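The residues making up each chain are set out below.
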Amino acid sequence: VKYHGKNHYRVFTALSEGKSIRKLTIEKDIHTVIRENQLEIFYQPQVESNSGRIIGMEALVRWNHPTLGIISPSEFIPLAEATDIIFAVNEWVLEEACKQQKEWMEQGLHLKLSVNISPQQFYHQSDLTKKVKDIVNTYKIDPTKLVIEITELIAIHNMDIAMEKLLELKSLGIQIALDDFGTGYSSLSYLTRLPIDEIKIAKEFIDTLDEGTENQAILHSLVKLANDLNLRVVIEGVETEEQYKKLHLLSCHIVQGYYFSKPLPAKQVNQLLIEWTTMY
Ligand code: C2E
Ligand code: CA
Ligand code: CA
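What counts as what
Residues numbered from 1 in each chain as written. Chains lettered and ligands numbered in written order. Predicted model: local features only at pLDDT ≥ 70, side-chain atom pairs only at ≥ 80, totals over all residues. Heavy atoms only, no water. Phe/Tyr/Trp six-rings, centres within 6.5 Å; stacked < 30°, edge-to-face > 60°. Helix = DSSP H or I, 4+ residues; strand = E, 2+ residues; numbered from the N terminus. Buried < 20%, exposed > 50% of the residue type's maximum accessible area, 1.4 Å probe, protein only. Lys NZ or Arg CZ within 6 Å of the ring centre and 35° of its normal. Salt bridge = Lys/Arg side-chain N within 4 Å of Asp/Glu carboxyl O. Axes fitted to C-alpha atoms, helices over the stretch in contact; angles between N-to-C directions. Parallel < 35°, antiparallel > 145°, perpendicular 65-115°, else oblique. Left-handed = near helix turned anticlockwise from the far one by under 90°. Contact = heavy atoms within 4.5 Å. Nonpolar A, V, L, I, M, F, W, Y, C, P; charged D, E, K, R; others polar. Donors = N, O, S within 2.8 Å, 3.2 Å for Na, K, Ca; no water.

If you look the protein chain up in an unreviewed UniProt entry, it shows as Diguanylate cyclase (GGDEF)-like protein/PAS domain S-box-containing protein from Aquibacillus albus.

This is the structure:
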């Protein structure tokens, strides 16, 4: 193999280090993702299980890459976190989602809006609270309808700092949700120690719902515990009617999953909101 120029050589070394061309492309192009306006937010409805009404949306970012197509956040967020671009991505998502929420508000829809934040962003963006405050003020959105979703990894990393930052965020009036509850590192003590308003029970619990009564019992206890602690419960990853029916028996608060709707672009989710409202 002959090499023509430095770039070829670089690609070869990177490839020989086991990086795929896809990964290299993503790492290279991530730097211009904001400038080229390639990010898009999809929204997934959250449904109140008693009434069947849509009461909230989770903002889930996607990257419309010119050659690779839609790239999932699980693939590009970790790579964005290796660079400073993550801060711009984070801010863009927050602002864009709040803009959308303002539109909903003006249509008389007072939806809860959930935005994800990774441990990296949480710990390293020193002006996070200020950014959130500025955006909330600019778009005049109701802070009590804004939910920041964090994971348990945040608590594990440094409980004291986590606590301080969460209280700072909560002083704006916004709410905190603990995402993916029940996976990996879970400790029930986070539920009482951290200033959280909502827990999102991980999809794993729903997946095993059909496998036996033990899993139903665990889910049941988690929901009861959350209720007793006055925490709102969101059950994620509900895919079938059967699962939904089983959850209904648990007096769960809120459900989210493909059974109701996949995450959709703003236009389509707005259409869904119109259809849904006339259905219920
Ligand atoms: P997550 O916060 O746990 O989001 C739920 C994921 O499950 C989403 O994947 C959603 O599309 C998917 N999902 C929802 N309902 C179902 C279902 O019924 N069945 C199945 N199989 N999947 C379902 P998505 O959108 O690919 O996002 C993946 C992860 O990327 C998110 O997990 C979140 O941790 C992260 N993420 C998404 N948007 C952002 C963002 O703006 N910032 C940050 N930092 N992370 C984000
Ligand atoms: Ca989430
Ligand atoms: Ca989740």
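Next comes the rest of the description.
A. The packing of aromatic side chains, seen in detail. Counted according to the given criterion, the structure contains 6 aromatic pairs. Aromatic pair Trp-63 and Phe-76: ring centres 5.6 Å apart, planes at 80°, arrangement edge-to-face. Of this pair, Trp-63 sits in strand β2 (residues 54–65) while Phe-76 is found in helix α3 (residues 73–80), placing the two residues 13 residues apart along the sequence. Classification of Trp-63 as buried rests on a relative accessible area of 0%. What links up through ring pairs into an aromatic cluster is the set Tyr-244, Tyr-259 and Phe-260. Sitting over the face of the ring of Phe-122, Lys-165 holds its NZ or CZ atom 5.8 Å from the ring centroid. The ring of Tyr-258 is capped by Lys-262, whose NZ or CZ atom sits 4.7 Å from the centre of that ring.

B. Main features of the pattern of salt bridges. In total, this model carries 18 salt bridges according to the counting rule given. A salt bridge links Arg-53 to Glu-48; its shortest N-O distance comes to 3.8 Å. By relative accessible area, which is 28% here, Glu-48 ends up partly exposed. A salt bridge links Glu-91 to Lys-131; the shortest N-O distance between them is 3.4 Å. Here Glu-91 is found in helix α4 (residues 85–106), whereas its partner Lys-131 is found in helix α6 (residues 128–138), with 40 residues between them in sequence. The structure contains a network of salt bridges with shared partners spanning Glu-58, Glu-149, Lys-200 and Glu-236.

C. Summary view of the packing of α4 against α6. Relative to each other, α4 and α6 sit at 25°, their axes nearing to 10 Å. The angle between α4 and α6 falls in the class roughly parallel. α4 and α6 meet at a crossing whose hand is right-handed. Contact residues: Asn-90, Glu-91, Leu-94, Glu-95 and Cys-98 in α4; Leu-128, Lys-131, Val-132 and Ile-135 in α6. Split by residue class, the contact of α4 with α6 holds 5 nonpolar, 1 polar and 3 charged.

D. The coordination of the calcium ion (ligand 3), seen in detail. Listed as protein donors to the calcium ion (ligand 3) are Asp-179 (OD), Asp-180 (OD), Glu-236 (OE) and Glu-236 (OE); their distances from the metal cover 2.3 to 2.9 Å. Here the donor residues of the calcium ion (ligand 3) are spaced in sequence according to D-D-x55-E. The metal-metal distance between the calcium ion (ligand 3) and the calcium ion (ligand 2) is 4.0 Å, with Asp-179 coordinating both. Of this pair, Asp-179 sits in strand β6 (residues 175–181) while Glu-236 sits in the loop between β8 (232–235) and α12 (241–248), and the two are 57 residues apart along the sequence. Overall, the relative accessible area of 9% leaves Asp-179 in the buried class. For Glu-236, a relative accessible area of 13% puts it in the buried group.

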